[in-house]
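# Structural overview for review
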Amino acid sequence: MQGGRLLTVFVCLVSVALVNAGDPYFYYTWNVTYGTVAPLGIPQQVILINGQFPGPNLNSTSNNNVVINVFNNLDEPFLLTWSGLQHRKNSWQDGVTGTSCPIPAGTNYTYHFQPKDQIGSYFYYPSTALHRFSGGFGGLRVNSRLLIPVPYADPEDDHTILINDWYTKSHTALKTFLDSGRTLGSPDGVLINGKSGKVGGQNKPLFTMKPGKTYKYRICNVGFKSTLNFRIQGHKMKLVEMEGSHVLQNDYDSLDVHVGQCFAVLVTADQEAKSYYMVASTRFLKKEVSTVGVMSYEGSNVQPSNVLPKAPVGWAWSLNQFRSFRWNLTASAARPNPQGSYHYGKINITRTIKLANTKNLVDGKVRFGLNGVSHVDTETPLKLAEYFEMSEKVFKYNVIKDEPAAKITTLTVEPNVLNITFRTFVEIVFENHEKSMQSFHLDGYSFFSVASEPGTWTPEKRNNYNLLDAVSRHTVQVFPKSWSAILLTFDNAGMWNIRSENWERRYLGQQMYVSVLSPEKSLRDEYNIPLNTNLCGIVKGLPLPKEGLNLADTGEDQETLHCYRDTPPFNNDTAAV
């Protein structure tokens, strides 16, 4: 009996090795600590990863297995989420409080994820409390495999530019403000890669370019509430990719990057050999806040001009820029086929969900919500409660309706979870009835951002949808007193977060989750819970469900399943190197 068991395990291990032979593993150890830096000239406590602020760039390739052992050396629980990665069949690795128990202080947790059939420019950041306001974020790029052509020549180099608004108060102080009913107000400054520069100051170059060469820059707004306009003195930016999709290659003098969004551009060093300012400035705030960084030509000591390129005015300009973005229908995707081969405009919509952002007082304190419900995190993550079949003890499904009330006068504070049928094609309309800028993100998916217009959405507005070459992305902006519509197929089973990218609003309830369940409970559709999963709340200390997901459709048996689940890096004994 023992010999048979050993033989089964051996065969299974060989099978796992063969299955993963073409998808290499990359191991990282990240130490999360506090440190002191002065991004705006005032020393303050920040969150460092391996001593770095911002954190290290994570450089991957499509289908690579990424294994990150995160040691939480803070004094409170902590989680990281990977914004834009779809985690196909694997919401366990999404790193938000609705799917995962936070990593307790003084302990570690090993993430294992695979950017399956994805390419593009993304970032990671802390999803717990207001940790993002203190750092812990960094760039995340997924390169195309060598066999997959990209629609432009290889650049001389590939750089990440993280832009964000910034506050000089700590995340704990800002959390106290929000918990007491106060608002955060305008940011204190803007950063480029964790630094704030001054026009005419002694700014060290952030990047150096060789004359005549072309460089790729991945620009991500990792901030908290502000749309940022990015521009470079004297240089055009050729937009080539956004959030995982190749786009038609138009030239831009400046780009409005809304919170949570990423653009990849090509910049050619075709100007006079000297230094130039990169500029990032806030948009749609009463007072503009800006910063500069220096881009220098190799071998030149000539300082940049103090005359900065001006930012655009008004949000109509930004709306028109959004309308200029088009999917590149002839480019290859992460797989060897054109990314535009998915004809989303010919699929019948099976469900329409309208989500209206809501603001109101609850017990005298400001809270935000969607369709009249202000989400609150639960001690037991929603996904764990669902997996252990204990949902009714933690949350109720479908507490909001697909159509918001004509007038929402109150907010209900409770977990907000919506059931969506697996593999249905759904239309989601984000309605913004306020005068402020909004942006929304959906984990686990890319969607087609087909329209954004002022006014109120009606079914007739579908006549204005771009049903041919709308860009497939994960974060959409919603302009003041306007709406934005997205289309997607919910074919990725799991529990997925829809959230405001305005972190103040997200923290105070303007988020929700969608539960997408496979009716067959098959490994073909969703992976089992990893054995190293932290358990908390009402499931703490419970054994993992014995049955797990059904292997009948995979041609494998339960012994094989256990081997898959017990093989590193899934178990708790994985050593990161």
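Everything here concerns the structure above.
The present account deals with the structure reproduced in this document.

Cut-offs used in this document
Counting of residues starts from 1 at the beginning of each chain's written sequence and follows it residue by residue. Residue-level local features of this predicted model are given only where pLDDT is at least 70; pairs of side-chain atoms are given and counted only at 80 or more, and the full residue set underlies all totals for whole chains, interfaces and linings. Note that water and hydrogens are dropped before the side-chain values are worked out from all heavy atoms of the structure. Strands qualify as paired when DSSP identifies two bridges or more between them. Helix and strand definitions here come from DSSP, where helices need a minimum of 4 consecutive H or I residues and strands a minimum of 2 consecutive E residues; each element is numbered from the N-terminal end. Under this scheme, a helix contributes an axis fitted over its contacting stretch, all axes are lines through C-alpha atoms, and angles between N-to-C directions fall in the 0 to 180 degree range. Defined by distance alone, a disulfide is two cysteine sulfur atoms within 2.5 Å. Only protein chains enter the area calculation, which uses a 1.4 Å probe; residues under 20% of their type maximum are buried, those over 50% are exposed, and those in between are partly exposed. Stacked, edge-to-face and tilted labels apply to pairs of Phe, Tyr and Trp rings (six-membered ring for Trp) whose centres lie within 6.5 Å, assigned for plane angles under 30 degrees, over 60, and everything in between, in that order. Placement of a charge over a ring requires the Lys NZ or Arg CZ to be within 6 Å of the ring centre, with the centre-to-atom vector within 35 degrees of the ring normal.

The strand order across the open sheet built from 4 strands is 2-1-4-6, with neighbouring strands paired in mixed fashion. Single-partner strands in this sheet number two, and they are strand 2 (44–49) and strand 6 (108–113). Neighbour-to-neighbour, the strand axes of the sheet open up by a mean angle of 20°, direction not taken into account.

Within this structure, the stated rule accounts for 2 disulfides. Covalent S-S linkage joins Cys101 and Cys536, the inter-sulfur distance amounting to 2.0 Å. The sign of the -90° torsion about the S-S bond sets the Cys101-Cys536 disulfide as left-handed. You can see Cys101 sitting in the loop between strand 5 (80–83) and strand 6 and its partner Cys536 sitting in the loop between strand 33 (511–516) and helix 6 (558–566), a full 435 residues away along the chain. For the pair formed by Cys101 and Cys536, the shared burial category is buried. The connectivity of the disulfide-linked cysteines in the chain, indexed sequentially, is 1-4, 2-3.

Enumeration according to the criterion identifies 30 aromatic pairs in this entry. On the basis of an interplanar angle of 35° and a centroid distance of 6.3 Å, the ring pair of Tyr167 and Phe224 is categorised as tilted. Placement of the pair is Tyr167 in the loop between strand 9 (158–166) and helix 2 (171–179) and Phe224 in the loop between strand 12 (214–221) and strand 13 (227–232), with a sequence separation of 57 residues. Looking at Tyr167, the relative accessible area reads 3%, which means it is buried. Residue Phe224 is classed as buried on the basis of its relative accessible area, which comes to 1%. With 5.5 Å between their ring centres and 65° between their planes, Phe263 and Phe325 make a pair best called edge-to-face. Of the two residues, Phe263 is situated in strand 18 (residues 262–268) and Phe325 in the loop between helix 3 (315–324) and strand 21 (351–362); the sequence distance between them amounts to 62 residues. There is no split in this pair, since Phe263 and Phe325 are both buried. Put simply, the rings of Trp30, Trp82, Tyr109, Tyr111, Phe113 and Tyr124 pair up and form one aromatic cluster. One Lys or Arg, Arg132, reaches over the ring of Trp503 and ends 4.9 Å from the middle of that ring. Sitting over the ring of Trp92, Lys383 keeps its end group 5.2 Å from the ring centre.

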